[in-house]
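Per-entry structural report
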Amino acid sequence: MSRLMSVADGPYVPPVPLRELTAVSADGARLHVEVHGAADGPVVVLAHGWTCSTAFWAAQIRELAPDHRVVAYDQRGHGRSPASPVCSTDVLADDLEAVLAATLAPGEKAVVVGHSMGGMTVLAASARPGFREHAAAVLLCSTGSSRLVAESLVLPMRAGRLRTWLTRRSLSSRAPMGPVTPVSRRILKYATMGAGSTPAMVEVCARIVHACPRKVRYAWARVLDGVQLDVQVRELVVPAAVVVGTADRMTPPVHARALAAALPQCHGVTELPGLGHMTPVEAPGAVTGVIRELVVTYGQLGSNSTQGTLGTQTTRVGSGVPIEESA
């Protein structure tokens, strides 16, 4: 399904994987997994967000594949992974552990990247033995650990109970999204992307999001409404970088800053001026650059090499000047 609803040309066309396989989660859920790139390269594992699929990572896969082994998988119910009657952050963690076990050798390390719900997947798995065995470092991209609906800026209203209630109703709507149209593109761009996003960026995101089945979209919206992963942030003991767009209405920068303050080893926060929630599509080079930095710094390190405390530095891409530091 992800390929049928993807674009036909340009940098966001999903690359053809080196191989495909099925990972089986703890409850028997079957997950579509793709492996791209250099078989002997350092490993990067990509977990996409709500209503997306492996197609969302097309730009990162294309840029990393020449010298990395890139693993991407469809979250349950998304893309080519069948829907499951069970939806929770616990099963997201189960699924990530299953993907890591199916694609990495015992003790082999990877940089694990999660966007939006994929970032929450990483947080949910933070204390799991299978995750700790394989994660050398992580990138938390456009994500948060709690209060997702209360902090959302999708509705241009003063924060409070009314905005929270209306946001909850709009994000968890059971209404079908229908075909991709000029109107639906404008709505999607407003809610999830920065004002400067190109028509090609909007088109690829619209096609991916509209391909998500209505029941799946609704079921996972209810999970996201109740996400409480603040404790798990403190259990993410490997180095973690954070990326956010300054115009992200879905998970505004307040979430990224809270993550940075709570992470035991924050590698740094990258704020992308004017960009929205779909940062891997809106700024593929910047996101891939952070992934490469993590691979070079931590990707080949052993299981005991990440002990200690890192400082936190926030940088706005474009200036190259740190705007906030803490020891």
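Refer to the structure printed above.
Notes on the structure follow. (Residues numbered from 1 in each chain as written. Predicted model: local features only at pLDDT ≥ 70, side-chain atom pairs only at ≥ 80, totals over all residues. Heavy atoms only, no water.)

According to the stated counting rule, one finds 13 salt bridges in the structure shown. Of the charged contacts in the structure, one is a salt bridge between Arg-80 and Glu-34, with a shortest N-O distance of 3.2 Å. Linking Arg-80 in the loop between strand 4 (69-73) and helix 2 (89-103) with Glu-34 in strand 2 (residues 30-37), this pair joins segments that are 46 residues apart in sequence. The shortest N-O distance in the salt bridge between Asp-94 and Arg-128 comes to 2.7 Å. Of this pair, Asp-94 sits in helix 2 while Arg-128 sits in the loop between helix 3 (117-124) and helix 4 (129-134), placing them 34 residues apart in sequence. Assigned by exposure class, Asp-94 and Arg-128 land together as buried. Connected via shared salt-bridge partners are Glu-20, Glu-34 and Arg-80. (Salt bridge = Lys/Arg side-chain N within 4 Å of Asp/Glu carboxyl O. Helix = DSSP H or I, 4+ residues; strand = E, 2+ residues; numbered from the N terminus. Buried < 20%, exposed > 50% of the residue type's maximum accessible area, 1.4 Å probe, protein only.)

Helix 3 packs onto helix 2 with a crossing angle of 80° between their chain directions and a minimal axis gap of 8 Å. Compared by their axis directions, helix 2 and helix 3 come out roughly perpendicular. Taken together, the residues of helix 3 that come into contact with helix 2 (itself represented by Thr-89, Leu-92, Ala-93 and Leu-96) are Met-117, Thr-121, Val-122 and Ala-124. Residue composition of the contact of helix 2 with helix 3, grouped by class: six nonpolar, two polar and no charged. (Axes fitted to C-alpha atoms, helices over the stretch in contact; angles between N-to-C directions. Parallel < 35°, antiparallel > 145°, perpendicular 65-115°, else oblique. Contact = heavy atoms within 4.5 Å. Nonpolar A, V, L, I, M, F, W, Y, C, P; charged D, E, K, R; others polar.)

Looking now at helix 9 (residues 214-225). Taking 1.5 Å per residue, twelve residues should reach 16 Å; helix 9 reaches 17 Å between its end C-alpha atoms and fits that length. The complete set of buried residues in helix 9 reads Val-216, Arg-217, Tyr-218, Trp-220, Ala-221, Val-223 and Leu-224. For helix 9, the elements touching its buried residues are helix 2, helix 3, helix 5 (148-151) and helix 6 (161-171). (Expected span 1.5 Å × (residues − 1).)

So, on to the environment of Ala-256. If you trace the backbone, Ala-256 turns up in helix 11 (residues 253-262). Overall, Ala-256 belongs to the buried group, its relative accessible area being 2%. C-alpha of Ala-256 to C-alpha of Val-242: the two residues are 14 residues apart in sequence and 6.4 Å apart in space.

What follows concerns the nonpolar core. Among the nonpolar cores identified, the biggest contains 55 residues, and Val-45, Leu-96, Phe-131, Val-138 and Leu-236 are the most heavily contacted of them. By residue number, the principal contributor to this core is helix 2, which donates seven residues. Residues contacting Leu-96, with those up to four places away along its chain left out, are Val-45, Tyr-73, Val-112, Thr-121, Val-122, Ala-125 and Phe-131. In this structure, Tyr-12, Ile-61, Val-204 and Ala-206 belong to the second largest nonpolar core, which totals 40 residues. (Core = buried A, V, L, I, M, F, W, Y, C linked by side-chain atoms within 4.5 Å.)

A few words now on a positive patch on the surface. A grouping of Arg-174, Arg-214, Lys-215 and Arg-222 is seen on the molecular surface, where their side chains present a positively charged patch. You can see Arg-214 is positioned in helix 9. For Arg-214, a relative accessible area of 37% puts it in the partly exposed group. (Patch = residues over 30% accessible without salt bridge, like charges linked within 9 Å, V, L, I, M, F, W, Y side chains within 5 Å. Areas by Shrake-Rupley, 256 points an atom, 1.4 Å probe, with all protein chains shown as cover. Lys, Arg positive; Asp, Glu negative; His and termini not counted. Charge placed at Lys NZ, Arg CZ, Asp CG, Glu CD.)

So, about the packing of helix 7 (residues 182-192) against helix 8 (residues 199-210). One way to put it is that helix 7 packs onto helix 8 with a least axis distance of 10 Å and a crossing angle of 100°. Between helix 7 and helix 8, the interaxial angle falls into the category roughly perpendicular. Two secondary-structure elements touch here, helix 7 through Ser-184, Arg-185, Leu-188 and Lys-189 and helix 8 through Val-202, Glu-203, Cys-205, Ala-206, Val-209 and His-210. Its residues placed into classes, the contact of helix 7 with helix 8 shows five nonpolar, two polar and three charged.

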